[in-house]
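Listed below, chain by chain, are the residues.
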Amino acid sequence: MKNHVLRPLLVVLGLVALVLLIRPFYVPKDFGVHERGYMYGWYRQGNIEDWKKVTVKYQGSESCKDCHPDKIETLSQSPHAIIQCENCHGPALEHPSAPEKLPIDRTRGQCLRCHTKLSYPTSARAGLKGIDPGSHNPDTECVSCHNPHKPSLEGLK
Amino acid sequence: MISRRDFIKKATIAAAGVSFSAASIEILTPARVHALKNDKALRWVFLVDTYKCVGCGLCVKACKNENEIPYDANVTRTWVERYVITKDGKLHADSPKGARDGFTDPRIDLGMGRTEDIKTEDIKKAFFVPKLCNQCENPPCVQVCPVGATYQAPDGVVLVDRSWCIGCGYCIMACPYGVRFFHPKHHTAEKCNFCYHRINKDMKPACVQACPFDARKIGNIKDPDDPVAKIITTERVGILKSEYGTKPQVFYIGLDEEVR
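Residues numbered from 1 in each chain as written. Chains lettered and ligands numbered in written order. Predicted model: local features only at pLDDT ≥ 70, side-chain atom pairs only at ≥ 80, totals over all residues. Heavy atoms only, no water.

A tally of regular secondary structure across chain A gives 6 helices and 2 strands. Going from N to C terminus, chain A has its helices and strands arranged as α-β-α-β-α-α-α-α. For chain A, whose C-alpha radius of gyration is 30 Å, the value lies well above the compact-globule estimate of 15 Å for 157 residues. Overall size of chain A, expressed as C-alpha extent along the three principal axes, is 100 × 40 × 30 Å. The proportion of buried residues among the 157 residues of chain A is 24%. Across chain A, every contact between residues at least 6 apart in sequence was considered, and the portion connecting residues at least 24 apart equals 37%. Looking at chain A as shown, the accessible area adds up to about 10900 Å², and 63% of this sits on carbon and sulfur atoms. (Helix = DSSP H or I, 4+ residues; strand = E, 2+ residues; numbered from the N terminus. Rg over C-alpha atoms; globule rule 2.2 N^0.38 Å. Buried < 20%, exposed > 50% of the residue type's maximum accessible area, 1.4 Å probe, protein only. Contact = heavy atoms within 4.5 Å. Areas by Shrake-Rupley, 256 points an atom, 1.4 Å probe, with all protein chains shown as cover.)

Below, the structure is given as structure tokens:
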């Protein structure tokens, strides 16, 4: 008789009951309102630990000291001392166990990041020694003439 | 027998006494003091010195590697913008690939393979501005999340719970700074988190470590002895889009009105 009202109503009530039944199992225990209240602090607390567990890839130049002391020594006395080893050799990860060797970036692009001449007032870029990549020995790797660990101009004509 | 007048007098004093001591106990509970103190002890902030940045993009390269953002996808957690303002007052700005490979071309990248030549003598000012998540005190991206997948950790960093994110994209639209994007592999909202895994191990964020020119620094604004906190609290620093009321926690030295 009034089935067209009751039936959908029962379906809806059933769905609501189902959601309420599943909820306690589906929502993690540590999900809820934390320090900063509902607006900014409504979350699953375990996620903070998840993020802390991400593996570190860049180890820093300090970590190369024991095995490549010669490189550290050379670099420290050059104008490139401010550049981290891993900026040119990629993230160390677990090197030397994995990977055994770090890659060597010999591309011109790596050097041009800093040495393309850009005469920009109000920027420190203008203070770096710059070259025009189109005319400064194009098509040749920079490191075939310049030592990346000790980029001295002495001895170059 | 006690007179009515006496009773009221004593009762008032007693009540005042009880409520006063109750109040002071409430304030002085050691656990509460400890909680308040600890709560105040850590708030990560970031400082960018645009005078020092040369636009080498090594920060972007390091960030992408450290945080496993597919290297060739055109998305990144941090990027560097170039601003060139010519003498006719025009602004020319670009950030090819987010400056992952730095700025190796004096021409401005207009996208779609087009470039714009600018004569050196026409330049009035030109500089680089690194951008990253502002870890706002009032993050609009968190407000709009319908499922509680993004939130502000107690130390102020805004994080995304990848297992909880449904990928609706509201937060990406809500961020006034455009720092959020979809992770090409996880298909969830992605953003800079100051390298949360590194700063919690006493290491610097990958971009800070990679920067050869000290243009990027991280600090704790609640530590009065922190050198970065000292600069932010005692020197002239700017923030981006203050009109939104988001209270960004990335501070800039040498910000120009053209920077948006």
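Past the structure itself, the notes keep going.
This next bit is on the overall build of chain B. Looking only at helices and strands, chain B features 8 helices and 12 strands. Its C-alpha radius of gyration of 25 Å places chain B more than 25% over the 18 Å reference for a compact globule of 260 residues. Taking all 260 residues of chain B together, the buried fraction comes to 49%. Taking the intrachain contacts of chain B between residues at least 6 apart in sequence as the baseline, contacts between residues at least 24 apart amount to 62%. When the accessible area of chain B is evaluated, it comes to approximately 13000 Å², of which 57% is carbon and sulfur surface. Chain B carries 38 positive and 31 negative side-chain charges, and their two centres are separated by 6 Å. (Lys, Arg positive; Asp, Glu negative; His and termini not counted. Charge placed at Lys NZ, Arg CZ, Asp CG, Glu CD.)

Our focus in this paragraph is the interface of chain A and chain B. Listed as interface residues are 45 residues of chain A and, on the opposing side, 60 residues of chain B. When chain A packs against chain B, close to 4400 Å² is buried across both sides, 58% of that on carbon and sulfur atoms. Looking at the side of chain A facing chain B, the largest losses of area belong to Tyr-40, Trp-51 and Arg-113 of chain A, adding up to 19% of the total buried there. Connecting chain A to chain B are 4 salt bridges. Residue Asp-101 of chain B is joined to Arg-113 of chain A by a salt bridge in which the shortest nitrogen-to-oxygen separation is 4.0 Å. Applying the counting criterion to the chain A and chain B interface returns 28 residue pairs in polar contact (both at pLDDT 80 or more). Those elements that place two or more of their residues in the side of chain A that touches chain B are helix 2 (37–40), strand 2 (42–44), helix 3 (46–52), helix 5 (85–89) and helix 6 (108–115) of chain A. A per-element tally of the side of chain A that touches chain B places helix 6 of chain A first, with 5 residues. (Buried area = accessible area lost by both parts, 1.4 Å probe. Salt bridge = Lys/Arg side-chain N within 4 Å of Asp/Glu carboxyl O. Polar contact = N/O pair within 3.5 Å; in protein donor to acceptor, adjacent residues only side chain to side chain.)

Residue and element names in this part refer to chain A. The linkage connecting His-95 with the following residue, Pro-96, adopts the cis geometry, with an omega of 10°. Residue position: Pro-96 is located in the loop between helix 5 and helix 6. That bond from Ala-98 to Pro-99 is cis: its omega, 0°, falls within 30 degrees of zero. We note that Thr-122 has phi near 65°; this positive angle belongs to a residue other than glycine. In this structure, Thr-122 sits in the segment after helix 6. A residue is classified by how much of its surface remains accessible, and Thr-122, at 43% relative accessible area, is partly exposed.

All names here are of chain B. Spatially, 3 strands are ordered 11-1-12 in an open sheet, and the strand pairing comes out mixed. Because the sheet does not close on itself, it has two edges, and the strands there are strand 11 (216–220) and strand 12 (250–253). Each strand axis lies, on average, 25° off the axis of its neighbour in the sheet, ignoring direction. As paired strands, strand 1 (residues 44–49) and strand 12 are joined by 4 bridges and run parallel to one another. Bridging from a neighbouring strand, Asp-49 pairs with Ile-253 of strand 12. Sheet contacts for helix 8 (residues 227–234): strand 1, strand 11 and strand 12; angle to strand 1, the most-contacted strand, approximately 70°. (Pairing = 2+ DSSP bridges. Axes fitted to C-alpha atoms, helices over the stretch in contact; angles between N-to-C directions.)

In short, shape yes, function no, at least from these values alone.
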